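If you want the building blocks of each chain, they are given just below.
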Amino acid sequence: MTEIPLEKLVGVYIKMRTKKELLEGEAKQIDNQMREVKVAINDIMRETGLDSVRTAAGTAYRTVKTTYAPSDWGLMYQFILDHDMPELLEKRLHQGNVKKYLEENPEDVPPGLNSTMEYSVTVKGVKNAG
């Protein structure tokens, strides 16, 4: 066990969290600025018909990314069932729905279901604490 008093550990944690929040705010500003620069680069590359360009500062590439999403999940589920294509779905469980199902049906645990539990510590600061 550590020799550092609990009050000091909590205070250090709060100072670290505050610093992290400041850094995250700065990172968000930089992310926004980077998005603006990417838009400008994309505009120039589109206008000049370039898919890639090498400069003294570095190389920029334009690529197309396509994403797919159903407008009607009911129809999509039926399509998947009709065509026997479960591979169109990602393999991930909805944590809240699984928890609710297990609470309502504790005797009917799906086969092969693993669960992990761990303690979590939450630290809240005192208003006007230095």
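Since we're looking at a predicted model, the values are computed, not measured. (Residues numbered from 1 in each chain as written. Predicted model: local features only at pLDDT ≥ 70, side-chain atom pairs only at ≥ 80, totals over all residues. Heavy atoms only, no water.)

A. Structural view of the overall build of the chain. Helix and strand counts for the chain stand at three helices and two strands. Counting from the amino terminus, helix and strand elements in the chain follow one another as α-β-β-α-α. In summary, the chain has a C-alpha radius of gyration of 25 Å against a globular reference of 14 Å for 130 residues, an excess of more than 25%. Counting every position in the chain, which comprises 130 residues, the buried fraction comes to 3%. Contacts in the chain between residues at least 24 apart in sequence constitute 22% of all its contacts with a sequence separation of at least 6. Carbon and sulfur atoms make up 56% of the accessible area of the chain, which totals about 13,000 Å². Of note, the chain has its 18 positive side-chain charges centred 10 Å away from the centre of its 20 negative side-chain charges. (Helix = DSSP H or I, 4+ residues; strand = E, 2+ residues; numbered from the N terminus. Rg over C-alpha atoms; globule rule 2.2 N^0.38 Å. Buried < 20%, exposed > 50% of the residue type's maximum accessible area, 1.4 Å probe, protein only. Contact = heavy atoms within 4.5 Å. Areas by Shrake-Rupley, 256 points an atom, 1.4 Å probe, with all protein chains shown as cover. Lys, Arg positive; Asp, Glu negative; His and termini not counted. Charge placed at Lys NZ, Arg CZ, Asp CG, Glu CD.)

B. Quick peek at the packing of aromatic side chains. Tallied over the full model, the rule gives one aromatic pair. Taking 5.4 Å as the distance between ring centres and 40° as the angle between the ring planes, the aromatic pair formed by Trp73 and Tyr77 counts as tilted. With Trp73 and Tyr77 both in helix 2 (residues 73-82), this residue pair falls four residues apart, about one helical turn. According to the relative accessible area criterion, Trp73 is partly exposed, its value standing at 45%. The partly exposed category is assigned to Tyr77, whose relative accessible area is 44%. (Phe/Tyr/Trp six-rings, centres within 6.5 Å; stacked < 30°, edge-to-face > 60°.)

C. Seen up close, a nonpolar patch on the surface. There is a patch of nonpolar side chains on the surface, built from Ile4, Leu6, Leu9 and Val10 and spanning about 330 Å² of accessible area. Following the sequence through the fold, Leu9 ends up in helix 1 (residues 6-48). (Patch = residues over 30% accessible without salt bridge, like charges linked within 9 Å, V, L, I, M, F, W, Y side chains within 5 Å. Salt bridge = Lys/Arg side-chain N within 4 Å of Asp/Glu carboxyl O.)

D. Structural detail: helix 1. Between its first and last C-alpha atoms helix 1 spans 62 Å; for 43 residues at 1.5 Å apiece the expected length is 63 Å, and the two agree. Backbone geometry just downstream of helix 1 places Gly49 in the positive-phi region, at approximately 75°. (Expected span 1.5 Å × (residues − 1).)

E. A look at the pattern of salt bridges. Applying the stated criterion to the full structure yields two salt bridges. Lys20 serves as the salt-bridge partner of Glu24, at 3.7 Å between the closest nitrogen and oxygen. In this pair, Glu24 and Lys20 both sit in helix 1, four residues apart, roughly one turn of the helix. The salt bridge involving Arg46 is made with Asp43; its shortest N-O contact spans 3.1 Å.

These results come straight from atomic positions and should not be treated as a statement about function.
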